[in-house]
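A structural walkthrough
Below, each chain spelled out in residue letters.
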Amino acid sequence: MARRNNQSVLEDMMDLTAMLPWWVGVALAIVSYLVLHAFAQRPLPVAVQPGKAADLMFVVVWRGLATGGQYLLPFIFSISALVSFFKRRKAGQLHDAAANRDDGMANMTWPEFEVLVDEYFRRQEFTTLNNGGGGPDGGVDVLLQKGSDRYLVQCKHWRALRVGVE
């Protein structure tokens, strides 16, 4: 499956981790460091049996990847955890602002409105996934799940007091 906009695997990993709760990103950072550090610190075999040189090269390559990855992956997961934290914080602020003011939703942009809808259902104990970023009328904006039931939500945000049926 082709990546959209030529995103790298690392960017995809950051995007996916940023969709998770912030504490999951922190846990992934810690676990990835501990696992890769343990692998990177193992001593290399000193003697190689005849015919086992390919196995040694395999270990050396993976050890090199683990050495760099023990710092790169936790960094990516930590940045994603920060993004997730600030997204949740902003969503809470939007929800509180909309609840405390009559014109709270009228002054929002459509991406903020999608975040507000996501936060509303999250507070109603739904598991949510905000698909935003696809542009206005880009399809399903929020995926909801509660138990075995799943719902698809498409948000419509109009700067008007009344929105007609059409």
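Our subject is the structure listed above.
Just so it is clear, the model here is predicted, and its values are computed rather than measured. (Residues numbered from 1 in each chain as written. Predicted model: local features only at pLDDT ≥ 70, side-chain atom pairs only at ≥ 80, totals over all residues. Heavy atoms only, no water.)

Description of the nonpolar core
Counting residues in hydrophobic clusters, the biggest one holds eleven residues: Leu-94, Ala-98, Met-108, Phe-113, Leu-116, Val-117, Phe-126, Val-142, Leu-144, Val-153 and Cys-155. Mapped onto this core, the elements with two or more residues apiece are α3 (53-100), α4 (110-123) and β2 (142-146). Examining the composition of this core, we find that three residues originate from one element, α4, more than from any other. (Core = buried A, V, L, I, M, F, W, Y, C linked by side-chain atoms within 4.5 Å. Buried < 20%, exposed > 50% of the residue type's maximum accessible area, 1.4 Å probe, protein only. Helix = DSSP H or I, 4+ residues; strand = E, 2+ residues; numbered from the N terminus.)

Observations regarding the sheet that holds β2
In a beta sheet, neighbouring strands pair by backbone hydrogen bonds and run either parallel or antiparallel. Read from one edge to the other, the open sheet built from three strands follows the order β1-β2-β3, with strand pairing classed as antiparallel. Every other strand in the sheet has two partners, leaving β1 (127-130) and β3 (149-153) as the edge strands with one partner each. Averaged over neighbouring strand pairs, the angle between their axes works out to 15 degrees when direction is ignored. Pairing of β1 with β2, which is carried by four bridges, proceeds in the antiparallel orientation. Bridge assignment links Thr-127 to a residue of β2, and that residue is Gln-145. (Pairing = 2+ DSSP bridges. Axes fitted to C-alpha atoms, helices over the stretch in contact; angles between N-to-C directions.)

A few points about a nonpolar patch on the surface
Together, Trp-22, Trp-23, Val-26, Ile-30, Leu-34, Leu-82, Phe-85 and Phe-86 line one region of the surface with nonpolar side chains, adding up to about 820 Å² of accessible area. For the nonpolar patch, the secondary structure elements donating two or more residues are α2 (22-40) and α3. With five residues, α2 is the largest single contributor of residues to the nonpolar patch. Of note, Ile-30 is situated in helix α2. A relative accessible area of 47% means that Ile-30 is categorised as partly exposed. (Patch = residues over 30% accessible without salt bridge, like charges linked within 9 Å, V, L, I, M, F, W, Y side chains within 5 Å. Areas by Shrake-Rupley, 256 points an atom, 1.4 Å probe, with all protein chains shown as cover. Salt bridge = Lys/Arg side-chain N within 4 Å of Asp/Glu carboxyl O.)

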